[in-house]
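# Survey of secondary and tertiary structure
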Amino acid sequence: MVNLHIVHLTSVHQRYDARICLKESMSLSKQYKTFLIVADGKGDECIDKLNILDIGKFHGRKSRVIDGSKAIFHKALELNAEVYHLHDPELIPVGLKLKKHGKKVIFDAHEDFPKQILTKHYLPLPVRKIISICAELGERVLCRKFDGIVGATPFIAKKFFKINQNVVNINNYPKIEELQSIENPQRVHGQVCYIGGISVERGIKEVIEALTKTKNDVNLALAGKFHSEQLEKDIKQDEGWQKTHFIGFVGRKEIQELLSTTQIGLVTLHPTISYLDSLPVKLFEYMCAGIPVIASDFPLWREIVLKHNCGLCVDPKNPEEIAKAIDYLVDHPEIASQMGENGFKAVQAEFNWANEESKLLQFYDNIIGSK
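Predicted, not measured: the structure shown is a model, and the values here were computed from it.

This paragraph deals with the overall build of the protein. Helix and strand content of the protein: 15 helices and 14 strands. Its C-alpha atoms give the protein a radius of gyration of 21 Å, within 12% of the compact-globule value 21 Å for 371 residues. By its C-alpha atoms, the protein is 65 × 45 × 40 Å across when sized along the principal axes. Relative to its 371 residues, the protein shows a buried fraction of 53%. Approximately 17400 Å² of the protein is accessible, and the part contributed by carbon and sulfur atoms is 52%. Taking the average place of the 48 positive charges on the side chains of the protein and the average place of its 47 negative ones, the gap between the two points comes to 7 Å.

Counting residues in hydrophobic clusters, the biggest one holds 60 residues, and the most contacted among them are Leu 220, Leu 259, Tyr 286 and Met 287. Looking at this core element by element, the count peaks at six residues for helix 13 (residues 319-331).

This part takes up the pattern of salt bridges. For the coordinates displayed, the defined rule picks out 19 salt bridges. Salt-bridge contacts for Lys 30 lead to Glu 357; the nearest nitrogen and oxygen are separated by 2.9 Å. Residue Lys 30 is located in the loop between helix 1 (18-28) and strand 2 (33-38), and its partner Glu 357 is located in helix 15 (residues 353-369); the two are separated by 327 residues in the primary sequence. We note a salt bridge from Arg 302 to Asp 297, for which the minimum N-O separation is 2.5 Å. When its relative accessible area of 34% is taken as the criterion, Asp 297 is described as partly exposed. One connected set of salt bridges, linked through shared partners, spans Arg 15, Asp 40 and Glu 45.

The topology assignment puts Ile 133 in helix 5 (residues 125-142). Between the alpha carbons of Ile 133 and Ser 260 there is a distance of 44 Å; along the sequence they are 127 residues apart.

Here we come to unusual backbone geometry. In this model, Asp 48 sits at a positive phi of 55°, which is unusual for a non-glycine residue. Relative to the assigned elements, Asp 48 resides in the loop between strand 3 (45-47) and strand 4 (50-54). The exposed category is assigned to Asp 48, whose relative accessible area is 66%. We note that Asn 80 has phi near 50°; this positive angle belongs to a residue other than glycine. Take Asn 80: it is sitting in the loop between helix 2 (61-79) and strand 5 (83-86).

For the rest of this paragraph, the subject is the packing of aromatic side chains. With the rule as written, the count across this model stands at nine aromatic pairs. Here the aromatic rings of Phe 226 and Trp 241 are separated by 6.3 Å at their centres, their planes lie at 50°, and the arrangement is tilted. Highlighted residues: Phe 226 in the loop between strand 10 (219-223) and helix 9 (229-235) and Trp 241 in the loop between helix 9 and strand 11 (244-246), separated in sequence by 15 residues. The two residues Phe 226 and Trp 241 agree in class, both being buried. When the centroid spacing of 5.4 Å and the interplanar angle of 65° are considered together, the rings of Phe 226 and Phe 246 count as edge-to-face.

Looking now at the sheet that holds strand 10. Spatially, six strands are ordered 11-10-9-12-13-14 in an open sheet, and the strand pairing comes out parallel. In this open sheet, the two strands that pair with only one neighbour each are strand 11 and strand 14 (311-314). Across the sheet, the mean angle from the axis of one strand to that of its neighbour is 25°, orientation sign disregarded. Relative to strand 12 (residues 264-267), strand 9 (residues 191-195) runs parallel, the two sharing two bridges.

Counting buried positions along strand 4 gives five out of five residues, so the element sits mostly inside the fold. Side-chain alternation along strand 4 places Leu 50, Ile 52 and Asp 54 on one buried face and Asn 51 and Leu 53 on a second face that is also buried. In the sheet, strand 2 pairs with strand 4 via five bridges, with the strands oriented parallel. Looking at the pairing, Thr 34 lines up with Leu 50 of strand 4.

This part is about the sheet that holds strand 8 (residues 167-169). Ordered in space as 3-4-2-1-5-6-7-8, the eight strands form an open sheet in which the pairing is mixed. Because the sheet does not close on itself, it has two edges, and the strands there are strand 3 and strand 8. Strand-to-strand twist across the sheet, computed as the mean angle between neighbouring axes with direction ignored, equals 20°. As paired elements, strand 7 (residues 148-151) and strand 8 share three bridges and run parallel to each other. If you follow Gly 151 over to strand 8, its bridge partner there is Asn 169. Contacting strand 1 (5-9), strand 5 and strand 6 (104-109), helix 3 (residues 92-100) runs over the sheet at an angle of about 165° to strand 6. Sheet strands in contact with helix 6 (residues 154-161) are strand 6, strand 7 and strand 8, and its direction is about 170° off that of strand 8.

Right, let's talk about the packing of helix 2 against helix 3 for a bit. One way to put it is that helix 2 packs onto helix 3 with a least axis distance of 10 Å and a crossing angle of 30°. The two elements helix 2 and helix 3 cross, and the hand of that crossing is right-handed. Where helix 2 approaches helix 3, its residues Ser 69, Ile 72, Phe 73, Ala 76 and Leu 77 are matched on the opposing element by Val 94, Lys 97 and Leu 98. Its residues placed into classes, the contact of helix 2 with helix 3 shows six nonpolar, one polar and one charged.

Parameters at a glance
Residues numbered from 1 in each chain as written. Predicted model: local features only at pLDDT ≥ 70, side-chain atom pairs only at ≥ 80, totals over all residues. Heavy atoms only, no water. Helix = DSSP H or I, 4+ residues; strand = E, 2+ residues; numbered from the N terminus. Rg over C-alpha atoms; globule rule 2.2 N^0.38 Å. Buried < 20%, exposed > 50% of the residue type's maximum accessible area, 1.4 Å probe, protein only. Areas by Shrake-Rupley, 256 points an atom, 1.4 Å probe, with all protein chains shown as cover. Lys, Arg positive; Asp, Glu negative; His and termini not counted. Charge placed at Lys NZ, Arg CZ, Asp CG, Glu CD. Core = buried A, V, L, I, M, F, W, Y, C linked by side-chain atoms within 4.5 Å. Salt bridge = Lys/Arg side-chain N within 4 Å of Asp/Glu carboxyl O. Phe/Tyr/Trp six-rings, centres within 6.5 Å; stacked < 30°, edge-to-face > 60°. Pairing = 2+ DSSP bridges. Axes fitted to C-alpha atoms, helices over the stretch in contact; angles between N-to-C directions. Contact = heavy atoms within 4.5 Å. Left-handed = near helix turned anticlockwise from the far one by under 90°. Nonpolar A, V, L, I, M, F, W, Y, C, P; charged D, E, K, R; others polar.

As structure tokens, then:
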């Protein structure tokens, strides 16, 4: 099947995006001639068998949506592939134009886009509701025209089953080989970590405050990018910042190094409409690294954490509850160690990319084999 060409397209995500590049595209490159079109201005490159093509950087949302989409369409058409795989809602019009040229097109729904719009607090609520309704109607009408839909969570996939007959759930689970290679981890006593986007909705204020309420001497290793300069400025004024080691945005190697030294992984996102049904990859990366997790007490997350006894669930808006959970795991190292081992076993058996890769390859076989 190497002679068959497939192209992944994104105008929003960075080229080494874990889901798009390091998982889906790299997995597909084992069987197909695979290209990934990005828009970051960093030039073309080849990683193993994956060809990354850069159309240049576009400044501002308007330019990205209009000019970027046009450039992506022309580059995609130039490649004359059999299958095109879209990763951004704003590229749906590009996918429709590719369909008119007789191409097979897949849309990858990373998030519930209409629900996500409702969390954009910089927009007035009535405007958010109108845009969300329009986005949902657009999905229903336009996505049924595609040859297949990939949903990043069971909830998203279930939604699209009502729109398109060819839907698969490909979860964003970790690659076991990335984190199971951690040998002789040097756990730093009292070190907890959070890896990911840093925002109010992701619980950063409560986590920083929790550091001031623990009975044990704990510190936070914080890896990620603040969503705004103002938030970063405000958080650095908090007392708990004195117990925080801010690392900033890190790559896969740095994540591995960080997880080899930490005792506890935090994923205490707020119960927003877009997070309640999500499956955050960091939850499973913590489990894969063999450390216990402290997670938001959402029904879906609670089911995973309690079923596998791999951590504790807390009210993410209650700093005292977060602090008590941290203290419990620090004070009970044997229980914490067993929870970490339980999480690792769960990832080995179920929550791993190898299982998802098999589903993805079978999905592509069906797409390419269909008339």
